[in-house]
Amino acid sequence: MTWLHVANSDQLQEGDVISVSVENKTIAIYQHLGKYYATDNICTHQYALLSDGYFEDGCIECPLHQARFDVRTGQALCAPATKDLQTFPTMLEGSQILLKIE
Amino acid sequence: MKPSYTAGDSHPVLIVGAGQAGATAAAALRKIGYPTPIILCGSELNAPYERPPLSKGVLTNVLNEGSIFIHPASLYEDQAIDLRLGHTVISLDTEKKFAYFSDGSRIEYGSCLLSTGGNARLIPDLPKDAPGVHYVRTLQDARELRSALEKQTHVLVIGGGFLGLEVASSARTNGHAVTLVESAPRLLQRALPAVLSDWLAERAIDFGIKLKLGVEIESVSIQAEGVQVHFKDGTMVSAPVVVVAVGLVPDVELARNAGLQINPENGGISIDARCTSSVPDVYAAGDCASQMNTFFGREVRLESWQNANNQAQIAAATIAGSTLPKNVVPWFWTDQFGWNIQIYGEYEASLEYVLRGARPSSTGPGKCVFLGSKMGVLRHAIAINAGGELRQLQPLFERQLSCVTAAFTNQEQPLRRLVEEALRANAEH
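What counts as what
- Residues numbered from 1 in each chain as written.
- Chains lettered and ligands numbered in written order.
- Predicted model: local features only at pLDDT ≥ 70, side-chain atom pairs only at ≥ 80, totals over all residues.
- Heavy atoms only, no water.
- Contact = heavy atoms within 4.5 Å.
- Buried area = accessible area lost by both parts, 1.4 Å probe.
- Salt bridge = Lys/Arg side-chain N within 4 Å of Asp/Glu carboxyl O.
- Polar contact = N/O pair within 3.5 Å; in protein donor to acceptor, adjacent residues only side chain to side chain.
- Helix = DSSP H or I, 4+ residues; strand = E, 2+ residues; numbered from the N terminus.
- Buried < 20%, exposed > 50% of the residue type's maximum accessible area, 1.4 Å probe, protein only.
- Expected span 1.5 Å × (residues − 1).
- Arc of directions from axis to C-beta.

Caption draft 1: Seen up close, the interface of chain B and chain A. Counting from both sides, the interface comprises 14 residues of chain B and, opposite them, 15 residues of chain A. Taken together, the two surfaces of chain B and chain A that pack against each other cover about 1,300 Å², and 44% of this comes from carbon and sulfur. Interface area lost by chain B to chain A is led by Trp331, Arg391 and Arg416 of chain B, which between them contribute 34%. Our enumeration of links across chain B and chain A arrives at three salt bridges. Where chain B touches chain A, the interface holds nine residue pairs in polar contact (both at pLDDT 80 or more). Of all the elements in the fold, those that place two or more residues in the side of chain B that touches chain A are β22 (331–336), β23 (339–345), α9 (387–392) and α11 (415–428) of chain B. Per-element tally for the side of chain B that touches chain A: the top contributor is α9 of chain B, with four residues.

So, in structure tokens, the structure goes:
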């Protein structure tokens, strides 16, 4: 798969999360300690957009029931979520945030 | 290699009640590294499951029932937690530290955690086993109600609390005609300011619910074709399916008979900050427990998923002798009529409320947060479809910092920035 241009670095600041649509998927892009991360934007517990949630210390908390995931690994960290989130590789090229969907 | 949990000749931790608190405490003890045998017993036949989905996804059938279990089935064996389902403890001898089971057996425990939860409050005229009458507390209850709702019908919900509203919402989502009756003049009277009760009532009506507020039951007649409920205002509702959701009675019989102190006001087992009861080596957690709450500043018995988990963690830490987890801001959620409502703190009539955002329309999206404060300190927040925003407020609630709540209504600014400003202002003072 090729790298896709999904956002620009001026769209989010440190500690922000935004939602982008790529190939019929909604994906959350995060900036944490200067790096960009991408995960599936739908909570694995119930339907909710994680980009509406609370992002802190590299972890996203679902806005519905406070399930928490590490955005670097996708790991589900607490109940009610038990299933990990899918993550996607990202890279920054100039001001463009690129993403690879497997 | 699996660790061994037979530590010497020590007596087991006996956890009575295999719900949210019991199952969470068992796993927490292992996570801390506590080596003693653990017996987790419960009267129900299902492995420990989460109750919040019972009135929602389990009823509407959108949820795979397998997803509601608290732990993967393999955890009990892997962590050497002796899960005994269909096992009821009928009495405790707290001096000899014996627990007696309904099958006549007994065990000697080292520590005993009571996480017995509670039972649905019954309306005597609407007994649980009467045809067409349903209560929703257990997975079995929810399954029975779901099968009663397999064909299109009229559902009468008695009780406009969180559970009744969720059941009404789920039944309506499945296309049933739904009437909801509440004896108070407004919905969630003790949990919400009046304006929000009104919004919710309008939302329920838009959703297709027939609402009867401020109406009390006069008499009931149960017939083959359905249940007839006569109300004191002279009206009558006849429905093949009646769901009674008028609250919970904590299950403290075992504790009372064992001589544990019971809080006379809320009926819960009195426990201290470490979840220890008035009797040595007996602890309590969850819906059945009454504890001094630092946020509320008084002893309360909380019926929430968060509290069950939190007290379970505290009880496990106490039993294992490890550091207690920190206090949490009381948090609650409900999903009804397409709204996700989340609440921090509690309603008091004397609070001053401001609104951030606008009322979500009945058709489109929208989100808002109501902020209730007393002398500039946040005491209550209600988020509609805005759980992420509510979460931003947590540091202000946790530390009970003063702030200018009116500033939070500025929607030009993300709430996160406004909270950061409030935290900075507090740091400067």
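Caption draft 2: Quick peek at the side chain of Ser51 of chain A. Structurally, Ser51 of chain A is set in the loop between β4 (35–40) and β5 (54–56). With relative accessibility at 16%, the residue Ser51 of chain A sits in the buried group.

Caption draft 3: Expanded view of α11 of chain B. Residues and elements named next belong to chain B. In this model α11 runs 20 Å from its N-terminal to its C-terminal C-alpha over 14 residues, within 8% of the 20 Å that 1.5 Å per residue would give. By the burial criterion, the buried members of α11 are Leu415, Leu418, Val419 and Ala422. Taken down its axis, α11 places every buried residue within 100° of arc, on the same side. Exposed residues pointing more than 90 degrees away from the buried face of α11 are listed as Ala427 and Glu428. Lining the buried residues of α11 we find β24 (352–357), α9 and α10 (394–399).

Caption draft 4: Region of interest: unusual backbone geometry. Residues and elements named next belong to chain B. Non-glycine residue Cys275 carries a positive phi angle of around 70°. Residue placement: Cys275 occurs in the loop between β18 (269–271) and β19 (282–284). Among the residues examined, Cys275 registers a relative accessible area of 0% and is labelled buried. With a phi angle near 50°, Gln400 is a residue other than glycine that sits in the positive phi range.

Caption draft 5: Up close: helix α1 (residues 20–32) of chain B. Residues and elements named next belong to chain B. Across its 13 residues, α1 extends 18 Å between first and last C-alpha, which sits within 8% of the 18 Å expected from 1.5 Å per residue. Within α1, eleven of the 13 residues are buried, leaving the element largely enclosed by the surrounding structure. Where α1 is buried, its residues contact β1 (13–16), β2 (38–42), α3 (75–78), β3 (81–85), β7 (111–114) and α8 (305–320). Two residues or fewer past α1, Gly33 is found with a positive phi of approximately 100°.

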